[in-house]
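If you want the building blocks of each chain, they are given just below.
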Amino acid sequence: MIEEDRNTRKRKIAQLTFKEKIPFFLFPFGFGSNLFPVKDYNDSELDRFKKYGFEKKYNDAIKLKKLGIIFYFIIPIILLLFKTLNS
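Note that the coordinates shown come from a computational prediction; the quantities given were computed from them, not determined experimentally.

Peer 1: Got a minute to help me understand the packing of helix 3 (residues 41–52) against helix 4 (residues 55–86) in this structure?
Peer 2: The axes of two packed helices give the description: the angle between them and the distance between them. With their axes 9 Å apart at the nearest point, helix 3 and helix 4 run at an angle of 150° to one another. The angle between the axes of helix 3 and helix 4 places the two elements in the roughly antiparallel class. For helix 3 against helix 4, the interelement crossing comes out left-handed. Contacts from Asn42, Asp43, Leu46, Phe49 and Lys50 of helix 3 reach helix 4 at Lys57, Tyr58, Ala61, Ile62 and Lys65.

This is the structure in structure tokens:
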């Protein structure tokens, strides 16, 4: 029983590893469509984190998805600025 409690506490405070962070940052958008609604990897991982009590991993994944969305919105702005500066 004590070992189970210790593992439960460790699970709640465990952070995402670098390899786990990459898909959440690089692919923050879902690629499913209305014709073929398929859960992508990120959504299934978020469901798993929530189901099994990985609270810290869930919060980190949500934060990385938001940062990934911001990253993809900033890239066109930067490219547009460079294009206007070179003209």
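Peer 1: Got a minute to help me understand the nonpolar core in this structure?
Peer 2: Proteins that are soluble and globular tend to have nonpolar side chains buried together. Judged by nonpolar contacts, Leu16, Phe24, Leu46, Phe49, Phe54, Ala61 and Leu64 together constitute the single largest core of seven residues. Here leucine 16 is in contact with Lys21, Phe24, Phe49, Lys57, Asp60, Ala61 and Leu64, once residues within four sequence places are set aside.

Peer 1: Even after reading the chapter, I still don't get the side chain of lysine 65, so can you show me in this structure?
Peer 2: Residue placement: lysine 65 occurs in helix 4. For lysine 65, the residues in contact, after removing those within four places along its chain, are Phe24, Pro28, Asn42, Asp43 and Leu46.

Peer 1: Help me out: how do you make sense of a nonpolar patch on the surface in this one?
Peer 2: The grouping of Phe18, Ile22, Leu26, Phe27, Phe29, Phe71, Tyr72, Ile75 and Leu79 at the surface amounts to a nonpolar patch, some 820 Å² of accessible area in total. Going through the elements one at a time, helix 2 (18–26) and helix 4 are the ones with two or more residues in the nonpolar patch. Residue leucine 26 is classed as partly exposed on the basis of its relative accessible area of 35%.

Peer 1: Is there a simple way to explain the pattern of salt bridges in this structure?
Peer 2: On inspection of all chains with the given rule, the structure shows five salt bridges. Residues lysine 65 and aspartate 43 are paired through a salt bridge, measuring 3.7 Å at the closest nitrogen-oxygen approach. Separated by 22 residues along the polypeptide, lysine 65 in helix 4 and aspartate 43 in helix 3 bring together distant segments of the chain. Classification of lysine 65 by relative accessible area gives buried; the value is 15%. When its relative accessible area of 29% is taken as the criterion, aspartate 43 is described as partly exposed.

Basis of the calculations
- Residues numbered from 1 in each chain as written.
- Predicted model: local features only at pLDDT ≥ 70, side-chain atom pairs only at ≥ 80, totals over all residues.
- Heavy atoms only, no water.
- Axes fitted to C-alpha atoms, helices over the stretch in contact; angles between N-to-C directions.
- Helix = DSSP H or I, 4+ residues; strand = E, 2+ residues; numbered from the N terminus.
- Parallel < 35°, antiparallel > 145°, perpendicular 65-115°, else oblique.
- Left-handed = near helix turned anticlockwise from the far one by under 90°.
- Contact = heavy atoms within 4.5 Å.
- Core = buried A, V, L, I, M, F, W, Y, C linked by side-chain atoms within 4.5 Å.
- Buried < 20%, exposed > 50% of the residue type's maximum accessible area, 1.4 Å probe, protein only.
- Patch = residues over 30% accessible without salt bridge, like charges linked within 9 Å, V, L, I, M, F, W, Y side chains within 5 Å.
- Areas by Shrake-Rupley, 256 points an atom, 1.4 Å probe, with all protein chains shown as cover.
- Salt bridge = Lys/Arg side-chain N within 4 Å of Asp/Glu carboxyl O.

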